[in-house]
Amino acid sequence: MKKIISLLLIIFCVSPSFAANNNVASDDALGLSITDCLNIALTNHPSLKKSKGATRAAEAMIEQTKSTNRVKVNMTARTGLNGDYQYWDDRYHSGTLSLTATKTLYDTNVNKLNIEIQKENLKSVLESERQTQIDVAANAKKAYYDLVLKILNRDVEREKLKNLESHLITARAIYEVGNSSYIDVTKAEADVASAQVSILKAENDILLSQEALKIAMGMSDLEIFNLVLSTNLFLPQPAGNLNDILKIAMEDRADYRKIQSTLRQRELEIKVAARGNSPTITGSVGSDLSKREGSSATRDYNAAVSVNIPVEDGGLTAAKIESARAQLEQDKAEEESLRQNITHDLRSASFSLSNAIERAKSSEKSVQYAEENLELAQGRYEVGVGDALEVSDAVSTLATSRYTLYQALYDAQTARADLDSAMGHLPYELEGRI
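(A) The arrangement of the packing of aromatic side chains in detail. Enumeration according to the criterion identifies two aromatic pairs in this entry. Plain terms: the ring middles of Y144 and Y145 are 5.2 Å apart, the flat faces sit at 85 degrees to each other, and that makes the pair edge-to-face. The pair formed by Y144 and Y145 is uniform in burial state, with each residue classed as buried.

(B) Highlighting the environment of S366. Residue position: S366 is located in helix α8 (residues 316-382). Relative accessible area serves as the criterion here: at 34%, S366 is assigned to the partly exposed category.

(C) Molecular detail of the side chain of E127. Its location among the elements puts E127 in helix α4 (residues 110-176). Owing to a relative accessible area of 12%, E127 belongs among the buried residues under this scheme. The residues contacting E127, other than those within four sequence positions of it, are A254, R257 and K258.

(D) Here's a closer look at α8. Here α8 contains 67 residues, and its C-alpha end-to-end distance of 94 Å stays within 8% of the 99 Å for a straight helix at 1.5 Å per residue. The positive-phi residue at the C-terminal boundary of α8 is G384, with phi of around 90 degrees.

(E) Representation of the pattern of salt bridges in the model. One pass over the full model with this rule turns up 27 salt bridges. In this structure, K187 engages D191 in a salt bridge whose closest nitrogen and oxygen atoms are separated by 2.8 Å. Here the residue K187 and the residue D191 both occupy positions in helix α5 (residues 182-216), the gap between them amounting to four residues, near one helical turn. Given the relative accessible area of 33%, K187 is considered partly exposed. One salt bridge connects E269 with R266, and the closest N-O pair in it is separated by 3.1 Å. Here R266 and E269 lie together in helix α7 (residues 254-274), a separation of three residues that amounts to about one turn. Taken together, the shared-partner salt bridges connect R154, D155, R158 and E203 into one network.

The rules behind each value
Residues numbered from 1 in each chain as written. Predicted model: local features only at pLDDT ≥ 70, side-chain atom pairs only at ≥ 80, totals over all residues. Heavy atoms only, no water. Phe/Tyr/Trp six-rings, centres within 6.5 Å; stacked < 30°, edge-to-face > 60°. Buried < 20%, exposed > 50% of the residue type's maximum accessible area, 1.4 Å probe, protein only. Helix = DSSP H or I, 4+ residues; strand = E, 2+ residues; numbered from the N terminus. Contact = heavy atoms within 4.5 Å. Expected span 1.5 Å × (residues − 1). Salt bridge = Lys/Arg side-chain N within 4 Å of Asp/Glu carboxyl O.

Encoded structure:
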């Protein structure tokens, strides 16, 4: 916990940097990295604590099932006052101590099958826990990059305001020497005021995203949570061949592995149900120690073997078999549906990732052109061959180009998060994959 708290600093500040390439964040970027946030989420999120509780319960059920055929020992002690109500003066005390041990000797392996059922159930629960980890990590990653996006958008607004303020200074200077009308000044003042409002909205968006990341990381409301982020957006690697990643998903997806365990459970449940009318043999040994007031103690021993042979159960066994078979058919249908969903998830994430990468590459060029256009527009206006609207439009175009680029980079990261989840993996930042 100390390590986590040390990462959660008191003052919110940002070290903005940007790399639209396949390299990791620059070394001079300070604060919580994406890996830091993911590790915190996988340590603190309450849903993971809940899933671990389910795992412990499933492990306990295995031991509970195993205990069914183990030796059981029961001890009973009794003391009382005996006598005839007509001759109560002749009453006497008596006591009995009994110790009995019983064990199922034969049950046509029903208990063994039930143990196997509980083991398959444990596998299902473990896969559910793993799926929870994947979901928590994916949500934390998306929340992290959403906050980074909001910070970068705020920085775009600041850059826009800076450019508009510079233009306002120029417009006033040109107006004062009589080379332009006052409308250029008022238009520039209005643009500056609008940009200031946009910054306030961007700051609010940052606060909302910060709270969303806090929830995604499983941090309580009582904890101080002022993030110092490494604000880097970069392009992840594109997806591999769709057939290859589909094969990987069928091997690694927690929900698909879970349904396989469930199918094995159903098959075992059919076998258990089919043995509902099978005989059982139980053995027991015991000893009784009794003492009557005025008499010496007596000790008795006993041993017995009991055979129980069901003759007629009113159709209960047949109904249980039919119910188990019907459940197996439902689960097989669910397996087929899941296979289709996995294919769809992989296709969607793969296409979204490829599309976002292409948009990011194109947007990089748009930003370069917009920067050059702004520089030209400012120069033209300063020498009197351009107008104020041209500069204002160039400032807005540059801001829009940056927004588009950052959004494409964000979309690429979230698409890669979806792709990792669809393949049954934690985010590649945690697993050392690119």
